[in-house]
Amino acid sequence: GEHLESLLRMMPNAREIILTLASELPQINRVSGAVAQFCAANALSSAVERALQLVLEELITNTVRHGMVPSSVPIDVRIILDEGGLRLVYVDRGKPFDPRHDLAPDTRELPIEQRSVGGLGWVLILHYCELETYRYIDGENHYGFVLRAS
């Protein structure tokens, strides 16, 4: 089907980027390039860049694998640098998923044979970010994250 072109708009002050992506894994490469540009433009450390890359890769992977949406359905990403730090807004049109309530139990401490498959994506996301807000509105998951100081 028709793939949505990635829209990358650097704001005049380069403190914010907005990306619109198709719900498909190859979009991760596009996001990586945009994140690298943003971090370079704002003199952010390689550790911050790596954290942002990993978090977005996990979020996109979750949307594609678990969101039950066709690839033509967009994902919206905003990265904002302001006095409050580095914020990430992620919006997908997948099935409702509130990580505050819907996460599988963390089984990392259990013996291998008792661990659940998967579920580490959100562990990684929440290691690097604090989930500030979550809302499900009009068929959309709205996640608001703040990157933890590295």
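For the structure, check the block above.
Quick notes on helix α3 (residues 120-128)
- What α3 keeps buried is the set G121, W122 and I125. Down the axis, α3 shows its buried residues gathered within 90° of arc, on one side only.
- Those residues of α3 that are buried are in contact with α2 (46-66), β5 (129-137) and β6 (140-147).

Here we look at helix α1 (residues 27-41)
- Spanning 15 residues, α1 covers 21 Å between terminal C-alpha atoms, matching the ideal 21 Å at 1.5 Å per step.
- Along α1, the residues that are buried comprise Q27, I28, V31, A34, V35, F38 and C39. The buried side chains of α1 occupy one side of the element, clustering within an arc of 135° when seen end-on. Of the exposed residues in α1, those oriented more than 90 degrees away from the buried face are N29 and A40.
- Just beyond α1, the residue with positive phi is A43, at close to 50°.

What about the pairing of β5?
- Where β5 lies against β6, 8 bridges are found, and the strand directions are antiparallel. The residue bridging C129 from the neighbouring strand is L147, located in β6.
- Taken together, β5 and the strand that follows it, β6, pair antiparallel across an intervening segment of 2 residues, in which D138 is found at a positive phi of about 50°.

Comments concerning the environment of H142
- Tracing the backbone shows H142 in strand β6.
- Taking the C-alpha atoms as reference points, H142 and D92, separated by 50 residues in sequence, lie 7.0 Å from one another.
- One polar contact links H142 to E140, side chain to side chain, over a distance of 2.9 Å.

Conventions used here
Residues numbered from 1 in each chain as written. Predicted model: local features only at pLDDT ≥ 70, side-chain atom pairs only at ≥ 80, totals over all residues. Heavy atoms only, no water. Buried < 20%, exposed > 50% of the residue type's maximum accessible area, 1.4 Å probe, protein only. Helix = DSSP H or I, 4+ residues; strand = E, 2+ residues; numbered from the N terminus. Arc of directions from axis to C-beta. Contact = heavy atoms within 4.5 Å. Expected span 1.5 Å × (residues − 1). Pairing = 2+ DSSP bridges. Polar contact = N/O pair within 3.5 Å; in protein donor to acceptor, adjacent residues only side chain to side chain.

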